[in-house]
Amino acid sequence: MGQAGEPRRAQHRDGELGTAVVRAQQGDETAFAVAYRIVQPGLLGYLRGLVGDDAEDVASDAWLEIAHDLRRFRGDGAGFRGWTATVARHRALGHLRHRRVRPGSTAPDSDVHEPAGRHDTHDQALESLSAERTVELVSRLPRDQAEAVLLRVVVGLDAPAAARVLGKRTGAVRTAAHRGLKRLARELGAPRRDTRPEDCPATPGESDESGKSVKSAGM
């Protein structure tokens, strides 16, 4: 990832996605299936962070709406990814309102306000994790941070696109993603609760090696 969780994995298929969307708008069902396969994993991960186990049902409803309104969409592959995230988010929030449940914690963030740095090592905190584990960890963050991280890292949106989905300023989304990733890096850097002391011996003056174990997997 680049600045403040800049996605890579999803973006590299946006050209293919844009072509599939154009063909799907012309009635090509196979092309629509291609677009679905490209977008669905990230979209489902985002919805899991919002509605948990109900993500599959909400995603199904979202795709029905996407298919119905597909001809109205105007934009490229990246734009389609953002549009589908917007549709899915509206469906998720409606689902939560129906259940009278709020998505995630809205506890205030105690971190110091700071801009996202270009070479922040904690941006890569999620790189070695599976998608399932990523969503599990991110869902524990305050809501604004969780959504920013999910949209940028899991869905694959850049900061301006994520800001449009959330109806926020781009800078606010960058900051939220930066803080969320920083929190996750701290959590991942701590020894696991089930780790025995003898499994991670420490010597006097030994530096923390946790940051070196996180390698980029292209998320």
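For clarity, every value in this text was computed on a predicted model and none was experimentally measured.

Peer 1: Before we go on, may I ask you to explain the overall build of the protein in this structure?
Peer 2: Scanning the protein from terminus to terminus reveals 8 helices and 0 strands. Helices (α) and strands (β) of the protein occur, in sequence order from the N terminus, as α-α-α-α-α-α-α-α. Sorting the 219 residues of the protein into buried and exposed places 42% on the buried side. Long-range pairs, those at least 24 residues apart, make up 73% of the contacts in the protein between residues at least 6 apart in sequence.

Peer 1: Before we go on, may I ask you to explain the packing of aromatic side chains in this structure?
Peer 2: Given two aromatic rings, their pairing is described by the distance between the two centres and the angle made by the two planes. If you walk through the whole model with that rule in mind, you get 5 aromatic pairs. On the numbers, 5.8 Å between centres and 85° between planes, the contact of F32 with W63 is edge-to-face. Here F32, found in helix α2 (residues 29–51), pairs with W63, found in helix α3 (residues 55–69); they are 31 residues apart in sequence, far enough to count as distant. One aromatic cluster is present, formed by F32, Y36 and W63 through successive ring pairs.

Peer 1: Looking at this model, I keep getting lost on helix α1 (residues 14–25). Mind explaining?
Peer 2: Taking 1.5 Å per residue, 12 residues should reach 16 Å; α1 reaches 16 Å between its end C-alpha atoms and fits that length. Listing the buried residues of α1 in full gives D14, L17, G18, A20, V21, A24 and Q25. Projected onto a plane normal to the axis of α1, the buried residues spread over an arc of 165° and lie on a single side. Contact partners of the buried residues in α1: α2 and α4 (77–99).

Peer 1: Looking at this model, I keep getting lost on the confidence of the model for the protein. Mind explaining?
Peer 2: Low pLDDT marks stretches whose predicted atomic positions should not be read closely. Across the protein, the average pLDDT comes to 75, with 67% of residues at or above 70. When pLDDT is averaged over each element of the protein, α3 comes out on top at 96 and helix α5 (residues 131–138) at the bottom at 74. Contacts for the low-pLDDT stretch residues 1–7, under 50 throughout, to residues beyond four places or in other chains number 34 contacts.

Peer 1: Is there a simple way to explain α3 in this structure?
Peer 2: The periodicity of an α-helix, 3.6 residues per turn, causes residues three or four places apart in sequence to face the same way. Taking 1.5 Å of rise per residue, 15 residues should cover 21 Å, and α3 covers 21 Å from first to last C-alpha, within 8% of that figure. When α3 is considered as a whole, its buried residues turn out to be A55, V58, A59, A62, W63, I66 and D69. Angular distribution of buried residues about the axis of α3 spans 135°; they occupy a single face of the element. Summarising the geometry of α3, the exposed residues directed more than 90 degrees from the buried face are D57, L64 and H68. Packing partners of the buried residues in α3 comprise α2 and α4.

Peer 1: Could you clarify how one ought to interpret the nonpolar core in this entry?
Peer 2: Across soluble globular proteins, you tend to see nonpolar side chains buried next to one another. Y46, F80, L151 and L157 are the most contacted members of the largest nonpolar core, which totals 53 residues. With 11 residues, α2 is the largest single contributor of residues to this core. Each residue touching L151, except ones within four places of it in the same chain, is listed here: Y46, A85, G156, L157, A162, V165 and L166.

Peer 1: Can you walk me through the packing of α2 against α3 in this structure?
Peer 2: How two helices sit against one another is set out by the angle between their axes and by the gap between those axes. With their axes 9 Å apart at the nearest point, α2 and α3 run at an angle of 135° to one another. Between α2 and α3, the crossing angle belongs to the class labelled oblique. Crossing hand, α2 versus α3: right-handed. Touching F32, A35, Y36, V39, Q40, L43, L44, L47, R48 and V51 of α2 are A55, E56, V58, A59, W63 and A67, all from α3.

Peer 1: How should I be thinking about the environment of T175 in this particular structure?
Peer 2: Among the structural elements, T175 can be located in helix α8 (residues 170–189). Since its relative accessible area comes to 23%, T175 is described here as partly exposed. Residues T175 and Q145, 30 residues apart in the sequence, show an inter-C-alpha distance of 8.4 Å.

Definitions and limits used
- Residues numbered from 1 in each chain as written.
- Predicted model: local features only at pLDDT ≥ 70, side-chain atom pairs only at ≥ 80, totals over all residues.
- Heavy atoms only, no water.
- Helix = DSSP H or I, 4+ residues; strand = E, 2+ residues; numbered from the N terminus.
- Buried < 20%, exposed > 50% of the residue type's maximum accessible area, 1.4 Å probe, protein only.
- Contact = heavy atoms within 4.5 Å.
- Phe/Tyr/Trp six-rings, centres within 6.5 Å; stacked < 30°, edge-to-face > 60°.
- Expected span 1.5 Å × (residues − 1).
- Arc of directions from axis to C-beta.
- pLDDT = per-residue confidence, 0-100.
- Core = buried A, V, L, I, M, F, W, Y, C linked by side-chain atoms within 4.5 Å.
- Axes fitted to C-alpha atoms, helices over the stretch in contact; angles between N-to-C directions.
- Parallel < 35°, antiparallel > 145°, perpendicular 65-115°, else oblique.
- Left-handed = near helix turned anticlockwise from the far one by under 90°.

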